[in-house]
Amino acid sequence: MMEEKILVIIDMQKDFTTGVLGNQECADAIANVVQVVKEGAYDRILLTRDTHQENYMDTREGKYLPVPHCIEGSDGWNIVDEIMDAVNEKMQPEQIKIFDKPTFGSVELGAYLKQIEEDKKLIVDFVGVCTGICVINNVSIAKANCPEADVRVIEKACACVTPDTHNTAIAAMKTFQVDII
């Protein structure tokens, strides 16, 4: 069976790194994600983009996190330029796919990975923000859809709201057979 190596970049958007919900840890992760893209030997790179609409404050998430962010079409919704530049330099357009997701996890991403796994042995590396929210959700979805895949998280290229929430998420992912590298 052929092997395919995939990098999944979770929500490395301006609002989560240097924008309204950004912090120093998330901003610092940008360089590490760029390094992973440039040094990695991936067959595809998949990216997720947190995507909300103008009515965000009226949504359930808006009630729990009352900070409008990643509004579709806004500058903060865009993936960080340095990361997209590295992805576009390294890969051909047909090797890149972006998943817009209205919530923490992308069901579409899981289905896409499952479809690839039908005839390939998958190695799926995850990087991005926030480790304790969107990264862990998408890693869980990948594990549920592709139980035989090697799902790995590149810890230095992830960040969260605080170092403690990052470390808690890393520890949690170890419990469901995710390799932390």
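Computed from a predicted model, the values in this text were never measured in an experiment.

**Q** What am I meant to see in the environment of Ile 154 here?
**A** Turning to its location among the elements, Ile 154 is positioned in strand β5 (residues 150-159). Considering only alpha carbons, one finds Ile 154 and Thr 59, 95 residues apart in sequence, at a separation of 32 Å. Not counting residues up to four positions away in its chain, the partners in contact with Ile 154 are Val 36, Tyr 42, Asp 125, Phe 126, Val 127 and Ile 181.

**Q** Explain the sheet that holds strand β4 (residues 120-129) here, please?
**A** Note on sheets: strands pair through backbone hydrogen bonds, and any given pair is parallel or antiparallel. Taken in spatial order, the six strands line up as β3-β2-β1-β4-β5-β6 in an open sheet, and their pairing is parallel. Two strands bound the open sheet, and with one partner strand each, they are β3 (96-101) and β6 (179-180). In this structure, β4 lies alongside β5, joined through six bridges in parallel fashion. Opposite Asp 125, over in β5, you have Arg 152 as the bridge partner. Lying on the sheet, helix α7 (residues 163-175) is in contact with β5 and β6; it crosses β5 at an angle near 170°.

**Q** Is there a simple way to explain helix α5 (residues 107-117) in this structure?
**A** Think of an α-helix as turning once every 3.6 residues; residues three or four places apart then point the same way. Among the residues of α5, those classed as buried are Leu 109, Gly 110, Tyr 112, Leu 113, Ile 116 and Glu 117. Take α5 and look down its axis: the buried residues cluster within an arc of 160°, on one side only. Along α5, exposed side chains directed more than 90 degrees from the buried face belong to Val 107, Glu 108 and Gln 115. In this structure, the buried residues of α5 make contact with β1 (2-10), β2 (44-50), β3, β4 and α6 (131-145).

**Q** Which parts of the structure should I look at to understand the nonpolar core?
**A** Side chains that are nonpolar tend, in soluble globular proteins, to be buried together. Membership of the largest hydrophobic core comes to 31 residues, with the highest contact counts inside it found for Ile 9, Ile 45 and Ile 83. At the level of elements, β1, α2 (24-39), β2, α4 (81-90), β4 and β5 are the ones that each hand at least two residues to this core. In terms of residue count, the dominant contributor to this core is α2 (seven residues). Those residues within four positions of Ile 83 in sequence are excluded, and the remaining contacts are Ile 9, Met 12, Ile 30, Val 33 and Val 34. Judged by nonpolar contacts, the second largest core, of 26 residues, contains Phe 126, Val 153, Ile 170 and Val 178.

Reading guide: rules and limits
Residues numbered from 1 in each chain as written. Predicted model: local features only at pLDDT ≥ 70, side-chain atom pairs only at ≥ 80, totals over all residues. Heavy atoms only, no water. Helix = DSSP H or I, 4+ residues; strand = E, 2+ residues; numbered from the N terminus. Contact = heavy atoms within 4.5 Å. Pairing = 2+ DSSP bridges. Axes fitted to C-alpha atoms, helices over the stretch in contact; angles between N-to-C directions. Buried < 20%, exposed > 50% of the residue type's maximum accessible area, 1.4 Å probe, protein only. Arc of directions from axis to C-beta. Core = buried A, V, L, I, M, F, W, Y, C linked by side-chain atoms within 4.5 Å.

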